[in-house]
Amino acid sequence: SKDVKDYLHLLDKPLDEFEAPGARNSTLGEDALWHVLYSLGQDNTYLNKRKAYWGLVLAVRDRMLEKWTAVQRKYYANDDKRLYYLSLEFLPGKFLRGNLLALGLENEAHEFLHEHDLSLDEIVDEECEPGLGNGGLGRLASCYMDSMATLGLPAYGYGIRYSYGLFRQEIRNGHQVEQPDNWLHEGSHWLIPRPHNLFPIRFYGTVNEWLDDDGMLRHDWRGGDLVMAMANDMYVPGYRNGHVNSIRLWEARPHKEFVLSSFNAGDYIGSVQEKISDENISMVLYPSDDAPEGKTLRLKQQYFFVAATMRDMVRRFKKLNKPWDQLPEKNVVQLNETHPAIAIPELMRMLLDEELLGWEEAWCICQKLFAYTNHTILPEALETWPVKLIERLLPRHMQIIYEINRRFLEEVRLHFRDEPELPSRVSLISAGPEQRVRMSHLAIVGSFSVNGVSSLHTQILKDRVFHDFIRIFPDRFNNKTNGITPRRWLRQCNVPLSWLLSEHLGCNWITDLTQLKKLRELVDDVEFRHDWEQCRLTNKKRLADYIEKVNGITVNPHSIFDVQVKRFHEYKRQLLNILHIISLYNNIRRNPDVKMQPCTFIFGGKAAPSYQMAKDIIYLINCVARRVNSDPHTRNFLKVIFLANYNVSLAQLLVPATDVSEQISTAGYEASGTGNMKFALNGALTIGTRDGANIEIGERVGDGNIYLFGLCEKEVLALRRRGYDPWEFYKNDSELREVLDMINSDQFTPGDSTAFSSIFNSLLTGGDPFMVLADYRAYVETHKRISHEYVDRDLWIKKSIMNTAGMGYFSSDRAVKEYIDGIWSLEPDV
Ligand code: T68
C-alpha cells in the first residue's frame, strides 16, 4: 500500500550507482506487463495474482541476468580466484521478496501492484518454495550464498535440481503423512535451464590399463552407462551492491532419447524405461537428515553432481591457459559435509587419466584445493559406503581411494612407529565383514582444511571424533561458527522491528549486524521499549491469525509463545518439551485457581519417513494437544499447537513472533544449530542446554538474558561412564512419574494404552542415550522462572532487546568473512 512505499526508503540502505534508477528506460511494472503478454502469452490488459506474480518474476529476473553477466565478465577479466561451494542441499526459501529487497525494487513493485489493486503479500503466496534440503545444513548453504553475493565474492553454489524436494507433511489423525512435493509442476522461472551446459557422466564400466610413451602405467575408465548432467541456474543477488552470483543445479537427462537399437527391434517400452531410469538420479531428495541412506541411488546422486561440477570447474580453468599447479591458486572447493567428498578421487581421476599428470603432482593439487565442513558428530550419521558398491559403480575411483589410502597409511606408519593400532583407526577403509569407505576420512586426508560449525563442536571433533587426525594433521582443523543472513532473518521476516531498528540505528545494520550492539543504549528508554513490545505483539497477532486459519484454534497473543521448530530427532528432545507440558497440564488441573501466565506451546518439524520413533513423538504431541486444547479447565492457560509442514516460509512467520525459543538438545549432540540464532536475533529468549552455538549465544547476550539449564557435555559423558539409570529419576520425582505413567496409559489415546509404549520404553527400559529424564527437573524449574519473569514486562522486554543487541556476531557475513580469511584466501570484488 501507499504507506509501505513511503517508509521503505528509510528502512533500507540507499541504492548505490549500480542500481541507479534510470539505468533502464522501462519500469519494473512496464516490464512485468510486457512479460505477461510476450513471455506468458496472456492478456495483460487486466491482471490477476498469478499473472502479476509471473510477470514480476520475469522482470526481476531480467535485471538479475544483466548484473550476473556483467559480474561473470568481471571475474574473467580480473582473473579472480573462484570459490565452488558443493552441497547436496540448498534451502533458499521463496525468492520474490528477497530478490526485490536486494535489488532495491520493492518500492517499484509495491507501486505496480497497487495500481492493479494487488499487494505483495498476496502475490508472494503464488510462489512455492524449493525444499531442496532437509534442514540446517541446506539452509546454512543458502545463508552463505546470500552473504557471498553481498560481500561480492566470486563464488558458485553447486547442487542438484531435484524434481521433488523434501516431502510435504500433512497431519492426519495426529500422524505425519508424507506427500510428494512437486515444486516444479508449474515450472519455475527463477531457474534458468542451460541445455548447452551438458556433460556426460559415467557409471559402472571397466578400467583398462596401458603404458604411455614414458612407460608409465595409465588407466582408462570406459563402458558402463552414461547419463547427461544438464545445468539449471538460480540467481543470488547481493544486497544492493549490483552483484549477482549463481547456484548451478544439475538435472539428469537421458544420454540418448531412446535406445535406438531396442526401439527398432520393437522394444519400445523397454527403450523408454531406460530413459526414465536415467532421469531418476535427480528425481528426489533423500529425506533423512541423520542416518545416511545406504542406497545406490544416493551414491549416484553424489557422484553425478560432483563429476559435473568438477568438469565445469576444469572447463573454466582451461580457458585461462595456465599450468595445472595454478588450479588451487585460482580455485577453492568447499565440501558441505562428506556428501560431495567423492570429488576428491574424481579430480584425481581427471588429472591422472585425462590430463596425464603424475600422482604426486595431482595429489598435491587436490590437497591444496579442497576444504571440508563437518556438521555432525552422531556416529550413525558419519557416512560410509561399501567397498563392493563403489567398486561396481565407480571402479576407477575405488582404485584411486585404495592408492590414496596406501600412501597415507605408509606415512602414518613411518611417523607413528610405536602406535601399531593407529593405521587401522585412521584408514579410509574400515575392516570387518563388509569393508566400507569412510567418507569423512577421505575428506580429511584430501583437504587442507577441516572445520566444525561451533566452538564446542570443533572441540569435540578434535577431542573425540577425529582425535587421531589432529596429531597427524595438527594445522588442518579449525572452527567456523555458523551464521544466518540478516537480510532474510530480520529485514525480510520482521518488517516492524526492522523499521524500528533503522529508525534508531540507521540502516547499516542490514550489512553490518554488529551495529545492533548500540541497542544496549536504548534499553532504558521507556518509549523505545514500548515500541519494541508493540512490534512483537504485531508479529504475534499475525501468527495467531495463521494458527486460527490453519489449525482452527484460537490462541491468545498475550500468552507466552514458546516455540520448538526443527527436524524431529531424539537428540533434539522434543520429548522433554512435551513431558513438561503434560506436567503443567496436571498442575493446572490440580489447582484450578492457579495464577499463571497463559502459555502457547508451538511445535513444527518433519520426521524422516523411516524414523518410527520420531513419528511416534509427533503423534504424542498431537494427542496431548487434542486433549489439552479441549479441556475447559485448562484451555485459557495452555494451548498446544502443531504446525504442519514446517519450512522456510513458516519459519519466517514464526521466528519474529516467538517469546521463548526451545534449544534443548542433549549437550554434545547438536553441532551448532542455526534456528537458535534466528530466534534470538528477533528478540526471543532462549531456553537451552549448553550445546552447540547456544554456548556462544549465551556468551554474547549475557548470562542474565538466556536460560541455560541441564547437564553440560562433560557431565553427560561422566554420567554415561558412571551408568545412567533413568529409573532413579522415575522413582525420585513424583511429578515426572505421573507424566510417564500417563504416557504409558490410554490417557491421550482413549481405549489404546499401548500407543506410546515405544516412547515409554525408550525413555526407561531402553537406557535412553539422550538422557531426557536426567534434565527433566532442571528444565521444569527453568520454565517456572521464565513464566515468572515474563510477567515483569519491563524486565522481559529489556532482556529481549539485549538478545537482539548481542546477536550481531551471528551474521553469516561474519562467518563467510572468517571462511575467506581462514580458508579460502579470496578477494571480495566490490
Ligand atoms: C545440521 N546438520 C546440524 N544435516 O545438525 C546443525 N545430514 O547442528 C547445524 O547447525 C547445521 O547442520 C548447519 O551446520 C544437518 O542439517 C543434514 O541435514 C543432513 C542431511 C543429509 C545427511 C546428513
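Above this text you will find the structure in question.
Residues numbered from 1 in each chain as written. Predicted model: local features only at pLDDT ≥ 70, side-chain atom pairs only at ≥ 80, totals over all residues. Heavy atoms only, no water.

Caption draft 1: View of the site of the ligand. Around the ligand, 18 residues are found, and the nearest of them are Leu-137, His-375, Asn-482, Glu-670 and Gly-673. Here Ala-671 contributes a backbone N or O atom positioned 3.3 Å from an oxygen atom of the ligand. Relative to its free-state accessible area of 510 Å², the ligand is covered by the protein chains to the extent of 91%. It is helix H7 (residues 136–150) that contributes the most residues to the shell around the ligand, three residues altogether. When its residues are assigned to classes, the shell around the ligand shows five nonpolar, nine polar and four charged. (Near = heavy atom within 4 Å. Polar contact = N/O pair within 3.5 Å; in protein donor to acceptor, adjacent residues only side chain to side chain. Areas by Shrake-Rupley, 256 points an atom, 1.4 Å probe, with all protein chains shown as cover. Helix = DSSP H or I, 4+ residues; strand = E, 2+ residues; numbered from the N terminus. Nonpolar A, V, L, I, M, F, W, Y, C, P; charged D, E, K, R; others polar.)

Caption draft 2: Up close: the sheet that holds strand S14 (residues 436–438). The antiparallel open sheet is built from three strands, whose spatial order is S12-S14-S13. Across the chains shown, the open sheet's two edge strands, defined by having one partner strand only, are strand S12 (384–386) and strand S13 (429–430). In this structure, S12 lies alongside S14, joined through three bridges in antiparallel fashion. If you follow Thr-384 over to S14, its bridge partner there is Arg-438. (Pairing = 2+ DSSP bridges.)

Caption draft 3: Molecular detail of the pattern of salt bridges. Taken as a whole, this structure holds 53 salt bridges when the rule is applied. The residue Arg-529 makes a salt bridge to Asp-794 at a minimum N-O spacing of 3.4 Å. In this pair, Arg-529 is assigned in helix H22 (residues 526–551) and Asp-794 in helix H33 (residues 793–806), connecting sequence segments 265 residues apart. For Arg-529, a relative accessible area of 8% puts it in the buried group. The residue Arg-777 makes a salt bridge to Glu-781 at a minimum N-O spacing of 2.8 Å. Of this pair, Arg-777 and Glu-781 both sit in helix H32 (residues 776–791), separated by four residues, roughly a single helical turn. Residue classification places Glu-781 among the partly exposed positions, given a relative accessible area of 36%. Residues joined in a network through salt bridges with shared partners are Arg-194, Asp-233, Arg-248, Asp-312, Arg-315 and Arg-316. (Salt bridge = Lys/Arg side-chain N within 4 Å of Asp/Glu carboxyl O. Buried < 20%, exposed > 50% of the residue type's maximum accessible area, 1.4 Å probe, protein only.)

Caption draft 4: Looking closely at the packing of helix H23 (residues 574–590) against helix H30 (residues 734–743). Relative to each other, H23 and H30 sit at 105 degrees, their axes nearing to 9 Å. One element, H23, and the other, H30, form an angle in the roughly perpendicular class. When H23 is examined against H30, the residues Leu-579, Ile-582, Ser-583, Asn-586, Asn-587 and Arg-590 are found in contact with a partner set consisting of Glu-735, Leu-736, Glu-738, Val-739, Leu-740, Met-742 and Ile-743. Residues of the contact of H23 with H30, tallied by class, amount to seven nonpolar, three polar and three charged. (Axes fitted to C-alpha atoms, helices over the stretch in contact; angles between N-to-C directions. Parallel < 35°, antiparallel > 145°, perpendicular 65-115°, else oblique. Contact = heavy atoms within 4.5 Å.)

Caption draft 5: Spatial organisation of the pairing of strand S17 (residues 560–565). Here S17 lies mainly inside the structure; six of its six residues are buried. The side-chain alternation of S17 yields two buried faces, one formed by Ile-560, Asp-562 and Gln-564 and the other by Phe-561, Val-563 and Val-565. Relative to strand S18 (residues 599–604), S17 runs parallel, the two being bridged by six bridges. The partner of Asp-562 across the bridge, within S18, is Phe-601. At this point the chain moves from S17, through H23, to the parallel S18, and the crossover so formed is right-handed. By the bridge criterion, two bridges tie S17 to strand S20 (residues 660–663) in an arrangement that is parallel. Looking across to S20, one finds that Asp-562 is bridged to Val-660. (Right-handed = clockwise from strand over helix to strand, strands pointing away.)

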